[in-house]
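Working through the structure, step by step
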Amino acid sequence: MATSSKSNHIRSISLPARSHPTTKRVEDAVNNLKTLKISTASTAETMHVGLLGLEELYKCMNDLLNLPQTLQALSQYQQGKLVEDLLDKSVRLLDLCGTIMELVLQYKENVRNLQSSLRRRKTDSITETSMAKFTTFNKKIKKEAKRLVLVLKQMDQEAEGGFVPKDADQDTVDMIKTLKEANAMRISIFQMFLSFLSVPLLKPKTSKWSLVSSFVNKGRIACVGQEEKMNLETRLETFETHLDDFENGLEGLFRRMNRSRSSLLNMKSC
């Protein structure tokens, strides 16, 4: 008799339906990210908007996870297996976000070192060495970004098999679908951001680079060489501003992700 009562009690617990305002906000945040024109040729501005949109998605998801009915329902289904799955992905994405933040900080440091070398203009050999170091760093960033993208792709494949309780009602199925869509979007934005970072800022094969290289290596002070050098300084200055935006966006995102992880930890302990 007691078993029957408990079973009825669990079935009566329902997650917020997709029509619930908080659930709707999560869906809206996902759809807003989907509208971004993200590709391998994405601009820095697009990537910054993507990071801000991802932060908003985490905010909405955290509000959803903290609803009493969400807390109660998710923690009871299959002894909390769904919560454990969400927590695992949350922790892994948090670690990955921290790694990306470190890459951006390293990028800023290398951009500033190259800027400093270009401004000193003491000897061409110093500038040439600085450019060589920056090119080597770009290759390191590209290699690390590719590694992290592979990690994200693996997470994406794992998510496809997602856990859905057999005894779940329709509201719960809809909720899990919403959470899976949000998770897929988080992974997608991180992948695109890493792909953006992996594109070399300096492209040695272009004709413009050849002019700059000639200026650096042979000390040609021709007007055209000076113009290309100034263009390079401008590009570095602009990109440094973008890196500042990325850093701020990632810091805000990291804080939201931490709160989401804490919510899931609290849910697991219930």
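Shown above is the structure to which this text applies.
The following refers to the structure shown.

So, about the overall build of the protein chain. Summing up its helical and strand segments, the protein chain has 9 helices and 0 strands in all. Buried positions account for 44% of the 270 residues belonging to the protein chain. Residue pairs at least 24 apart in sequence account for 84% of intrachain contacts in the protein chain once pairs closer than 6 positions are excluded. Carbon and sulfur atoms provide 52% of the accessible area of the protein chain, an area that totals close to 14200 Å².

Bringing the environment of Lys 81 into the picture now. Structurally, Lys 81 is set in helix α5 (residues 81-120). Along the primary structure Lys 81 and Lys 268 are separated by 187 residues, whereas in three dimensions their C-alpha atoms are 9.2 Å apart.

Attention now goes to the layout of surface pockets. If a probe as big as a water molecule is rolled over the atoms, it shows which places are left empty. The calculated volume of the largest pocket comes to roughly 280 Å³. Around the largest pocket sit 12 residues that line it, and Phe 196, Pro 200, Leu 201, Arg 235 and Phe 239 are the ones nearest its centre. If you list the elements that add at least two residues to the lining of the largest pocket, you get α7 (170-197) and α9 (223-269). Grouping the constituent residues of the lining of the largest pocket by class yields 8 nonpolar, 2 polar and 2 charged.

Bringing empty space enclosed by the protein into the picture now. The full count for this structure, using the stated rule, is 2 cavities of 30 Å³ or more. Space inside the second largest cavity adds up to approximately 50 Å³. Looking at the second largest cavity, the residues that line it are Met 61, Leu 65, Leu 86, Ser 90, Arg 186, Ser 260 and Leu 264. Elements represented by at least two residues in the lining of the second largest cavity include exactly α3 (44-65), α5 and α9. Considered class by class, the residues forming the lining of the second largest cavity number 4 nonpolar, 2 polar and 1 charged.

A separate point is the packing of aromatic side chains. On inspection of all chains with the given rule, the structure shows 6 aromatic pairs. Summarising the aromatic geometry, the rings of Tyr 107 and Phe 137 are spaced 5.4 Å apart at their centres and angled 80 degrees between planes, so their arrangement reads as edge-to-face. One end of the pair, Tyr 107, is in helix α5; the other, Phe 137, is in helix α6 (residues 124-160), with 30 residues separating them in the sequence. For Phe 137, a relative accessible area of 7% translates into the label buried. Ring plane angle 45 degrees and centroid distance 6.5 Å describe the contact between Phe 134 and Phe 137, whose orientation is recorded as tilted. Placement of the pair is Phe 134 and Phe 137 together in helix α6, with a separation of 3 residues, close to one helical turn. The two residues Phe 134 and Phe 137 agree in class, both being buried. An aromatic cluster is built from Tyr 107, Phe 134, Phe 137 and Phe 239, whose rings are joined through pairwise contacts.

What counts as what
- Residues numbered from 1 in each chain as written.
- Predicted model: local features only at pLDDT ≥ 70, side-chain atom pairs only at ≥ 80, totals over all residues.
- Heavy atoms only, no water.
- Helix = DSSP H or I, 4+ residues; strand = E, 2+ residues; numbered from the N terminus.
- Buried < 20%, exposed > 50% of the residue type's maximum accessible area, 1.4 Å probe, protein only.
- Contact = heavy atoms within 4.5 Å.
- Areas by Shrake-Rupley, 256 points an atom, 1.4 Å probe, with all protein chains shown as cover.
- 1 Å grid on protein atoms, 1.4 Å probe; cavity = no way out; pocket = protein on both sides within 12 Å on 5 of 7 lines; lining within 4 Å.
- Points joined across faces, edges and corners; volume = space filled by probe spheres on them.
- Nonpolar A, V, L, I, M, F, W, Y, C, P; charged D, E, K, R; others polar.
- Phe/Tyr/Trp six-rings, centres within 6.5 Å; stacked < 30°, edge-to-face > 60°.

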